[in-house]
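If you want the building blocks of each chain, they are given just below.
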Amino acid sequence: MLPITTGGSSVRGAVSAGVWHAAIYDVVVFSEYQGKGIGTWIVRRIQEANVDVIVFFRPGKEAFGNKLGLRKMKRAMAVMSNQSFVMRRRY
């Protein structure tokens with residue numbers, strides 16, 4: 001288990017050993033802490049586990065993923081429990 005924590009309770013998570021894939025459902029950092037490398041640290045820490053990583057970003061945040069070596073996927077499909085909300089947000 002690779003813990004992903006900070007001194008506070010704002011960032012929590014883990015990647016379990018022996019897994020092949022990891023999914024990150026958005027990387028969110030409070031605005032006062034943005035630009036300090038926290039989001040990059042979170043994704044890099046998971047990448048160190050040597051697993052395939054899929055990250056779901058909000059529209060407009062692709063540059064952050066590109067900076068980390070992530071590449072846009074050609075195909076994806078989903079069904080959401082609140083489809084109308086998802087469509088309004090253009091996810």
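Residues numbered from 1 in each chain as written. Predicted model: local features only at pLDDT ≥ 70, side-chain atom pairs only at ≥ 80, totals over all residues. Heavy atoms only, no water.

### Regarding the overall build of the protein
The number of helices and strands found in the protein is three helices and four strands. Restricting to contacts in the protein with at least 6 residues of sequence separation, those with at least 24 account for 57%. When the accessible surface of the protein is summed, it comes to about 7,500 Å², and 55% of that surface belongs to carbon and sulfur atoms. (Helix = DSSP H or I, 4+ residues; strand = E, 2+ residues; numbered from the N terminus. Contact = heavy atoms within 4.5 Å. Areas by Shrake-Rupley, 256 points an atom, 1.4 Å probe, with all protein chains shown as cover.)

### So, helix 1 (residues 38-47)
All of the buried residues along helix 1 are G39, I42, V43 and I46. Viewed along the axis of helix 1, the buried residues span an arc of 90 degrees, placing them on a single side of the element. (Buried < 20%, exposed > 50% of the residue type's maximum accessible area, 1.4 Å probe, protein only. Arc of directions from axis to C-beta.)

### Thoughts on the pairing of strand 3 (residues 21-25)
Every second residue of strand 3 is oriented toward a common face, the buried set being A22 and I24 and the non-buried set H21, A23 and Y25. With five bridges connecting them, strand 3 and strand 4 (residues 52-56) associate as parallel partners. Directly across from A23, in strand 4, lies its bridge partner I54. (Pairing = 2+ DSSP bridges.)

### Describing unusual backbone geometry
We note that D26 has phi near 80 degrees; this positive angle belongs to a residue other than glycine. With respect to the helices and strands, D26 occurs in the loop between strand 3 and helix 1.

### Regarding the nonpolar core
Judged by nonpolar contacts, A22, I24, V27, V43, I46, V51, V53, V55, L68 and L70 together constitute the single largest core of 10 residues. Every residue in contact with V27, bar those within four places of it in the chain, is listed here: G39, V43, V55, F57 and F64. (Core = buried A, V, L, I, M, F, W, Y, C linked by side-chain atoms within 4.5 Å.)

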